[in-house]
Amino acid sequence: MLAQETEHFDVVIVGAGLSGVGAAKHLQDRSPDRTYVVLEGRAAKGGTWDLFRYPGIRSDSDMYTLGYVFKPWKAAKAIADGPSILAYVNETAAENGIDPHIRYGHMVKRADWDSETAAWTVTAEVDGAPVRFTCNFLFMCSGYYSYASGYRPEFAGSADFKGQIVHPQHWPADLDHSGKKVVVIGSGATAVTLVPEMAKTAAHVTMLQRSPTYVVSRPAEDPAAEWLKAKFKPMTAYRITRWKNVLLGMLFFRMARTRPEKVKEQILGMVREKLGPDYDVATHFTPTYNPWDQRLCLVPDNDLFDAINGGAASVVTDHIERFTETGILLKSGQTLEADIIVTATGLNLEVLGGAEFAVDGAPVKFSETLSYKGMMYSGVPNLASSFGYTNASWTLKADLTCAYVCRLLNHMTRTGLAQCTPVRRPGDEGDQDWLDFSSGYVQRSVHLFPKQGAKAPWKQHQNYALDLMTLKFGKVDDGAMVFSNPVSKVRKAAVEKKLAA
Ligand SMILES: Cc1cc2nc3c(=O)[nH]c(=O)nc-3n(C[C@H](O)[C@H](O)[C@H](O)COP(=O)(O)OP(=O)(O)OC[C@H]3O[C@@H](n4cnc5c(N)ncnc54)[C@H](O)[C@@H]3O)c2cc1C
């Protein structure tokens with residue numbers, strides 16, 4: 001069989017989710033001279049919003065900030081359901097002619113940088129066989145978790161359980177929960193989404209949690225946004241609402257960091273008001289950590305509280321002793337009867353799409369690199385990744401990252417330089433975790449991720465306004481980013497020998 005020819009593109013984008021489709025649009029608009037291809041491992045685009053199919057799947061941040069900077073979110077619901085978000089991504093790809101650039105079923109397995117040609121060789125697996133591409137710039141838009149499997153801890157006795165055990169990442173299309181007793185294990189965004197939705201038709205839904213999370217209710221529709229839509233052109237209204245939500249989110253986060261007790265009391269006061277004086281808010285809705293030490297859980301229009309008040313759902317805070325034939329035995333001795341157990345126990349985080357990387361033959365260990373501006377990695381040339389905020393919507397940072405990558409590409413075109421490498425200088429140390437979150441799913445995997453430093457450009461600010469200033473208006477040639485052109489290995493060796501003599 002003839003080996004398949006290696007195709008070359010200026011830019012390879014890995015992943016056709018919210019970030020990858022956005023990256024393609026930014027690239028087309030801002031660096032139209034660059035050719036590109038999008039390699040997607042699955043058979044469809046949309047990423048998260050195509051993968052997750054559990055009942056009620058929705059955003060837990062508002063679509064005015066989760067939407068792209070270039071495409072107004074027009075629907076009334078600011079907290080949107082998964083299919084509407086998927087339709088928004090699909091529409092973006094269709095109306096911008098991105099679809100023909102996407103290659104489905106291309107799972108990227110490795111990428112090798114060669115300084116002599118200033119190019120990556122990207123190897124994707126297609127139907128079990130390797131297919132190779134070369135590119136000058138590699139843009140990883142592969143998300144942050146493993147698509148292969150969600151996180152499910154081992155529960156003693158799970159083989160004894162006679163009902164069905166389901167993980168939200170692998171929801172069976174034909175699962176009928178109506179009239180059934182359901183236990184949802186977990187207290188995160190997925191659990192608080194699933195519980196009120198399943199409670200609409202289930203016999204009863206119990207949310208079983210080891211420890212509580214902060215839960216905040218917000219109207220699904222934003223009256224101010226709707227008013228603006230009626231008064232202004234769609235883009236103007238969208239921009240104003242986007243900034244309103246950015247600023248309110250930043251204010252709330254700042255208050256949570258500077259006056260945690262006050263914010264904690266405000267959140268708990270709202271929960272008490274919704275659930276009434278007899279409800280045990282201290283046990284079920286009062287976390288031991290401060291607000292924003294972990295992501296807050298947003299519920300639209302009080303749906304979780306309404307389900308609890310109506311008796312269709314309840315919360316149990318306890319530890320699991322073991323699964324039994326008919327449900328779950330808790331450490332307290334209580335048993336929860338169940339026909340269906342949902343393990344909403346989280347994701348397995350994954351670094352850069354689980355691919356292997358090497359620079360001039362040396363394997364890259366991302367945990368030994370420093371994150372540059374939250375998107376590139378010390379010592380790794382011509383590679384960026386899209387990673388959103390932990391304290392605000394993903395796309396706010398994804399948009400800034402894409403625009404910055406285009407500035408970088410345009411700078412290289414203008415200066416005739418082919419390679420850009422973030423390089424640590426003396427004093428650029430860093431041993432802080434990349435993600436400053438105490439959540440279990442972060443703590444399980446954070447050691448695999450790059451570190452961050454104490455100051456720019458190696459520090460992650462998790463602050464949109466600051467990033468906007470730095471990434472949109474800051475210098476591309478900032479001293480830490482080293483621009484160069486390929487040097488042949490023979491010449492390099494000769495120079496090194498001369499220097500050593
Ligand atoms: C249930 C759920 C709800 C969420 N809700 C919100 C929210 O409300 N607000 C918010 O800000 N964030 C939310 N997030 C985070 C969310 O993932 C991001 O908002 C956003 O969807 C990420 O988009 P992405 O394109 O970067 O990554 P993804 O959506 O994960 O897409 C990555 C794409 O890359 C592909 N890919 C991965 N590895 C490879 C490879 N090696 N080769 C080829 N292709 C590859 C995948 O198949 C996928 O299509 C949520 C996450 C989950 C799981």
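Criteria and cut-off values
Residues numbered from 1 in each chain as written. Predicted model: local features only at pLDDT ≥ 70, side-chain atom pairs only at ≥ 80, totals over all residues. Heavy atoms only, no water. Helix = DSSP H or I, 4+ residues; strand = E, 2+ residues; numbered from the N terminus. Expected span 1.5 Å × (residues − 1). Buried < 20%, exposed > 50% of the residue type's maximum accessible area, 1.4 Å probe, protein only. Salt bridge = Lys/Arg side-chain N within 4 Å of Asp/Glu carboxyl O. Core = buried A, V, L, I, M, F, W, Y, C linked by side-chain atoms within 4.5 Å. Polar contact = N/O pair within 3.5 Å; in protein donor to acceptor, adjacent residues only side chain to side chain. Contact = heavy atoms within 4.5 Å. Axes fitted to C-alpha atoms, helices over the stretch in contact; angles between N-to-C directions. Phe/Tyr/Trp six-rings, centres within 6.5 Å; stacked < 30°, edge-to-face > 60°. Lys NZ or Arg CZ within 6 Å of the ring centre and 35° of its normal. Pairing = 2+ DSSP bridges.

Asks: How should I be thinking about helix α1 (residues 18-30) in this particular structure?
Replies: Each α-helix turn comprises 3.6 residues. Residues three or four places apart therefore point the same way. End to end, α1 covers 18 Å across 13 residues, agreeing with the expected 18 Å (1.5 Å per residue, within 8%). α1 sits mainly inside the fold: 10 of its 13 residues count as buried. For α1, every residue scored as buried is listed here: L18, S19, G20, V21, G22, A23, A24, K25, H26 and L27.

Asks: Would you mind showing me how to read the pattern of salt bridges here?
Replies: Oppositely charged side chains can form a pair if their charged atoms are brought close together. This model, assessed by the stated rule, comprises 22 salt bridges. Taking the shortest distance from any N to any O, the salt bridge between R103 and E7 comes out at 2.8 Å. Taken together, the residues R103 in strand β3 (residues 102-103) and E7 in strand β1 (residues 7-14) connect sequence positions 96 residues apart. Of the charged contacts, one joins D60 and R295 as a salt bridge, the two residues approaching to 3.8 Å between their closest N and O atoms. With D60 in the loop between α2 (48-51) and α3 (63-66) and R295 in the loop between α9 (281-284) and β11 (297-300), this pair connects stretches of sequence that are 235 residues apart. Classification of D60 as partly exposed rests on a relative accessible area of 21%. Assessed through its relative accessible area of 25%, R295 is described here as partly exposed. Look at the salt bridges and you will find they share partners, linking R42, D50 and R53 into a network.

Asks: Can you help me understand the nonpolar core in this one?
Replies: A general tendency of soluble globular proteins is for nonpolar side chains to be buried together. Ranked by size, the top nonpolar core spans 140 residues in total, and within it I13, W120, F137, L138, F285 and F357 carry the most contacts. No other element matches helix α11 (residues 394-415), which puts 11 residues into this core. In terms of nonpolar packing, the next biggest core, distinct from the first, is built from 13 residues, F155, F161, L208 and I328 among them.

Asks: Whenever I open this one, unusual backbone geometry confuses me. Can you help?
Replies: Trans is the common state for peptide bonds, and a negative phi is the common state for residues other than glycine. Residue A456 is joined to P457 through a cis peptide bond whose omega torsion reads 0°. On the secondary structure map, P457 appears in the loop between β24 (451-452) and α13 (464-473). Within the chain, D127 stands out as a residue other than glycine whose phi angle is a positive 50°. A relative accessible area of 80% places D127 in the exposed class. Although it is not a glycine, D360 sits at a positive phi angle of roughly 50°.

Asks: Just checking my understanding: could you explain the side chain of N382 for this structure?
Replies: Position of N382 among the secondary structure elements: in the loop between β20 (376-377) and β21 (383-385). Under the relative-accessibility criterion, N382 is labelled buried at 0%. A polar side-chain atom of N382 sits 2.9 Å from the main-chain carbonyl oxygen of A418. For N382, the contacting residues outside a window of four places in its chain are W113, W120, N136, F137, L138, M376, M412, A418, Q419 and C420.

Asks: When you look at the packing of helix α7 (residues 234-258) against helix α8 (residues 260-275) in this model, what are you seeing that I'm missing?
Replies: In contact at an axis separation of 5 Å, α7 and α8 are set at 115° when each is read in the N-to-C sense. Residues F252, M255, A256, R257 and T258 of α7 pack against P260, V263, Q266 and I267 of α8.

Asks: Which parts of the structure should I look at to understand the packing of aromatic side chains?
Replies: Within a pair of aromatic rings, the relevant descriptors are the distance that separates the centres and the angle that separates the planes. For the structure shown, the criterion picks out 26 aromatic pairs. Taking 6.1 Å as the distance between ring centres and 70° as the angle between the ring planes, the aromatic pair formed by F52 and Y145 counts as edge-to-face. Taken together, the residues F52 in the loop between α2 and α3 and Y145 in the loop between β6 (129-140) and β7 (164-166) connect sequence positions 93 residues apart. In this structure, F52 and Y145 share a single accessibility class: buried. Aromatic pair W120 and F357: ring centres 6.3 Å apart, planes at 90°, arrangement edge-to-face. In this pair, W120 is assigned in strand β5 (residues 119-126) and F357 in strand β17 (residues 356-359), connecting sequence segments 237 residues apart. Of the two residues examined, W120 and F357, each falls in the buried class. In this structure an aromatic cluster arises from ring pairing among F52, Y54, Y144, Y145, Y147, F387, W394, W434 and F449. When the ring centre of F70 is taken as reference, the NZ or CZ atom of K25 above it lies at 5.4 Å.

Asks: What should I look at first to understand the sheet that holds strand β16 (residues 340-343) in this one?
Replies: If you walk across this open sheet you meet the 5 strands as β7-β16-β8-β9-β12, and the pairing is parallel. For this open sheet the edge positions go to β7 and β12 (313-317), each flanked by a neighbour on one side alone. Across this sheet, the average inter-strand angle for adjacent strands is 20°, counted without regard to direction. Direction of pairing for β7 relative to β16: parallel, over a ladder of 3 bridges. If you follow I165 over to β16, its bridge partner there is I341. Sheet strands in contact with helix α5 (residues 189-199) are β8 (181-185), β9 (204-209), β12 and β16, and its direction is about 165° off that of β9.

Shape descriptors only; they carry no functional weight alone.
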